[in-house]
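One letter stands for each residue in the lines below.
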Amino acid sequence: MHQVIELKGVAKRYDSAGAAPVLGPLTLRVAKGEALAVTGPSGSGKSTLLNLVAGLDKPTEGAVTVAGRRIDQLSEHALAKFRREHIGMAFQFFNLLDDLTVTDNIQLPAQLTGTSRRKAAARAGELMEMLGIQKHARAYPGRLSGGERQRVAVARALVNRPALLLADEPTGALDTVSGHDVRNLLMELHRAGQTIVLVTHDLSLAEACASRSIHLVDGHVALDSYAQAVR
Ligand SMILES: Nc1ncnc2c1ncn2[C@@H]1O[C@H](COP(=O)(O)OP(=O)(O)OP(=O)(O)O)[C@@H](O)[C@H]1O
Ligand SMILES: [Mg+2]
């Protein structure tokens, strides 16, 4: 599988007669191992694009194929299963469960796909080590700093080894230092070959973490550029 994402003639419109689509129509392919940053002004369609790729929203036109599977016509049930197995998501507000420990938060998606508790725990341990949060394994998220929480959210997103990691403003709620931690983490994941789509207003984050960026204006790709060198 070479393309992790393939959007063909995809458009999203909301029904106000005659209004232009909020996104597209656009055609976009993201290859395995690419780290794509999506930038653009507020309202340009960045989150809409991410939601279509995640199957959280359906296009009005066109075909959305992710990890080799056409997803735009799947049922909600099939989509939920598809997301659990193939897509990791890390958004601005971490959405961790406050009454579960860090370990249990990270393990949860693995257990939901039927991974044994023992295997899920091993994978969670491996990720916590990689992300430098193992000392918080038994803590509750409420006790952690923003940067630590975001790393827990990223670990949870990666627990099922997703073909694709989606991040929407992952540093948006963080201070500078925590933001740098998350930035370094995304850089490392990209180096390790993880396919990533990162939505951000932060151009320095996009520049540091991405091998390619697209800039959206009014729902269209105004610029599509590859980084000079892969870091
Ligand atoms: N349910 C909806 N009904 C009508 N319009 C919508 C709906 N959801 C989003 N939109 C419109 O779609 C456009 C794109 O929104 P989107 O959330 O994708 O922007 P964004 O680029 O992520 O912006 P931001 O940087 O502020 O997060 C906006 O003009 C928004 O008002
Ligand atoms: Mg948005």
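Structural data are supplied above this passage.
What you see is a predicted model, and the numbers here were worked out from it, not measured in a lab.

Our next topic: the overall build of the protein. From N to C terminus, the protein includes 7 helices and 10 strands. Considering only C-alpha atoms, the protein reaches an extent of 55 × 40 × 35 Å along its principal axes. The long-range share in the protein, meaning contacts at least 24 apart out of those at least 6 apart in sequence, stands at 67%. Only carbon and sulfur atoms are counted for the fraction: they give 50% of the accessible area of the protein, which is about 11,100 Å².

Okay, the sheet that holds strand β1 (residues 3-12) next. Taking strand neighbours across the sheet as the criterion, the 4 strands line up as β2-β1-β4-β5 in an open arrangement whose pairing is antiparallel. Lying at the two open borders of the sheet, with one neighbouring strand each, are β2 (23-31) and β5 (69-70). In this sheet, strand β4 (residues 61-66) lies alongside β1 in antiparallel orientation, the contact comprising 5 bridges. The residue bridging L7 from the neighbouring strand is V64, located in β4. Where helix α1 (residues 46-54) meets the sheet, it contacts β1, β2 and β4, and its direction lies at approximately 120° from that of β1.

So, on to unusual backbone geometry. Each neighbour pair has its own omega, and for G24 with P25 the value is 5°, a cis peptide bond. By secondary structure assignment, the location of P25 is in strand β2. For A67, which is not glycine, the phi torsion reads 50° and is therefore positive. Checked against the element boundaries, A67 lands in the loop between β4 and β5. A relative accessible area of 18% places A67 in the buried class. Although it is not a glycine, E169 adopts a positive phi angle of roughly 50°.

With that settled, consider the site of ligand 1. Lining the immediate environment of ligand 1, one finds Y14, V22, P41, S42, G43, S44, G45, K46, S47, T48 and H201. Within the contact set of ligand 1, a nitrogen atom lies 3.4 Å away from a side-chain nitrogen or oxygen of Y14. Contact distances for ligand 1 include 2.5 Å between an oxygen atom and a side-chain N or O atom of T48. For ligand 1, the accessible surface in isolation is 650 Å², of which the surrounding protein chains cover 54%. Counted by class, the shell around ligand 1 contains 3 nonpolar, 7 polar and 1 charged residues.

Glancing now at the nonpolar core. Within the largest apolar cluster, 36 residues are counted, with the highest numbers of intra-cluster contacts made by I106 and L189. Mapped onto this core, the elements with two or more residues apiece are α3 (102-112), α4 (117-131), α5 (146-158), β7 (164-168), α6 (176-191), β8 (196-199) and α7 (203-209). Broken down by element, the residue count for this core peaks at 6 residues, all from α5. Contacts of L189, omitting those with residues within four sequence positions, involve M130, V154, L158, L165, Q194 and I196.

Rules used throughout
- Residues numbered from 1 in each chain as written.
- Chains lettered and ligands numbered in written order.
- Predicted model: local features only at pLDDT ≥ 70, side-chain atom pairs only at ≥ 80, totals over all residues.
- Heavy atoms only, no water.
- Helix = DSSP H or I, 4+ residues; strand = E, 2+ residues; numbered from the N terminus.
- Contact = heavy atoms within 4.5 Å.
- Areas by Shrake-Rupley, 256 points an atom, 1.4 Å probe, with all protein chains shown as cover.
- Pairing = 2+ DSSP bridges.
- Axes fitted to C-alpha atoms, helices over the stretch in contact; angles between N-to-C directions.
- Buried < 20%, exposed > 50% of the residue type's maximum accessible area, 1.4 Å probe, protein only.
- Near = heavy atom within 4 Å.
- Polar contact = N/O pair within 3.5 Å; in protein donor to acceptor, adjacent residues only side chain to side chain.
- Nonpolar A, V, L, I, M, F, W, Y, C, P; charged D, E, K, R; others polar.
- Core = buried A, V, L, I, M, F, W, Y, C linked by side-chain atoms within 4.5 Å.

So, to be careful, I would describe these as geometric facts and stop short of saying anything about function.
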